[in-house]
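# A look at the structure
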Amino acid sequence: MANSCCAHSNCSPAVVCVDLRNKTFPVRDYDLGMTLSSGQAFRWRQEGETWVGVIHGRWVRLRPSASSIMAEVAQPVRDWNWLTEYLQLELDVNTVLASFPDDEPMQAATAACRGLRLLRQDPWECLASFILSSTKQILQIQQIITLLCQRYGPPVLAALGCPPAYAFPSPDRLATLSETELRACKMGFRAPFLLAAAREVAEGKLQLNALVKLPLNSARAELLGLAGVGRKISDCVLLFAYGQQAAFPVDVWVMKALRQLYFPRRKVSLPRLQEFAATHFGPHAGYAQQYLFHYARSQMKRTTPSTP
DNA sequence: GCCCAGGTGAAGC
DNA sequence: GCTTCACATGGG
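Structural notes, computed from the coordinates. (Residues numbered from 1 in each chain as written. Chains lettered and ligands numbered in written order. Predicted model: local features only at pLDDT ≥ 70, side-chain atom pairs only at ≥ 80, totals over all residues. Heavy atoms only, no water.)

Looking now at the packing of aromatic side chains. Using the criterion set out here, one finds 12 aromatic pairs in the structure. When the ring of Phe130 is compared with that of Phe240, the centres are 5.6 Å apart and the planes differ by 35°; the resulting orientation is tilted. Taken together, the positions of Phe130 in helix H5 (residues 123–131) and Phe240 in helix H11 (residues 231–240) put the pair 110 residues apart, joining distant regions of the chain. For Phe130, a relative accessible area of 3% gives the class buried. Classification of Phe240 by relative accessible area gives buried; the value is 2%. Centre to centre, the rings of Tyr262 and Phe281 are 5.6 Å apart; their planes meet at 90°, and the pair counts as edge-to-face. Pair noted here: Tyr262 is in helix H12 (residues 252–262) and Phe281 is in the loop between helix H13 (270–280) and helix H14 (285–299), with a separation of 19 residues, a long-range link. For Tyr262, a relative accessible area of 14% corresponds to the buried category. For Phe281, a relative accessible area of 0% gives the class buried. Over the face of the ring belonging to Phe189 we find Arg190, whose NZ or CZ atom lies 4.1 Å from the ring centre. (Phe/Tyr/Trp six-rings, centres within 6.5 Å; stacked < 30°, edge-to-face > 60°. Helix = DSSP H or I, 4+ residues; strand = E, 2+ residues; numbered from the N terminus. Buried < 20%, exposed > 50% of the residue type's maximum accessible area, 1.4 Å probe, protein only. Lys NZ or Arg CZ within 6 Å of the ring centre and 35° of its normal.)

Glancing now at the pattern of salt bridges. Pairing is possible between side chains that carry opposite charge, provided their charged atoms lie close to one another. A full pass over the atoms with the stated rule returns 10 salt bridges. Glu47 is the salt-bridge partner of Arg45, the closest N and O atoms lying 3.2 Å from each other. Given the relative accessible area of 28%, Glu47 is considered partly exposed. For Glu179, the salt bridge identified is with Arg183, shortest N-O distance 2.9 Å. Pair noted here: Glu179 and Arg183 are both in helix H8 (residues 179–187), with a separation of 4 residues, about one helical turn. Look at Glu179 and you get partly exposed, because its relative accessible area is 32%. Where salt bridges share partners, they join Arg45, Glu47, Arg61 and Glu72 into one cluster. (Salt bridge = Lys/Arg side-chain N within 4 Å of Asp/Glu carboxyl O.)

Position of Glu125 relative to the elements: it lies in helix H5. Note: C-alpha distance between Glu125 and Pro169 (44 residues apart in sequence) is 8.1 Å. Residue contacts for Glu125: discarding those within four places in its chain leaves Arg43 and Phe168. (Contact = heavy atoms within 4.5 Å.)

Limitation: the analysis is restricted to geometry and does not speak to function.
The following block contains the structure:
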């Protein structure tokens, strides 16, 4: 094998010159575009063949190919664990798919969403984002969060020639704002919920890091203590930020999918659907949920998502 | 104008 | 337990 990846012509041969701004990760069954645009994270921007975002305060540009994801950062890094963790690159998705129930709806959903993955996001960003998500379209959630980050997120270094980038504002920062300032970011009645959550976290009344160690039900109970956080938002955070794979958020799309695919022409209440989901989809139910969500959105867009 | 959006919580049966 | 409604805001 040739030596390392040095692109400079003037490096001393005695020094190992390593490119600390780029790294290529081999992947299989990973559709990056589908994953980043599937309504679990709201800060990714497509730029030609690439996806640009900020993870844990780091600007990053990702370029997917059939068998790899090439990552580029603005500041040199030696440890890429933050990225492999975020993208869950070490997960064997086939193990997850094999755990799904062998029924027709799941076969159709997995066939339609090949390569769809779950991310592992920062808990605060995820919680705040989903507090802002209620009765909003994904596009609008993205707009609100973009505004919030531009106004109150700390600037981060981006690659040359790229537009300015911002990290997600911390709970401490948001806790200093007024409800009026938050409403000015177009979040409407969600503003007091976000403000209260930011204060709870900033004051240490809610310790997001401590939820990592808790079992699903206890962690959920903690999140449900927040105003504006119900079963759906709590389960999104548990699934997308804490890796609680049994969490099963039921939104209007998943509800429609469940009713249409599993209970056609029957009236089934939301609690009954949740009970069904908790027992039917196995240990990676949340993963199955994401496939159903994406499948429903791509297949049923022409019909109304609300229930008849 | 009208309906809807990755909901929640309060109020009414 | 289940249903209805208000809550802001913008897109189709």
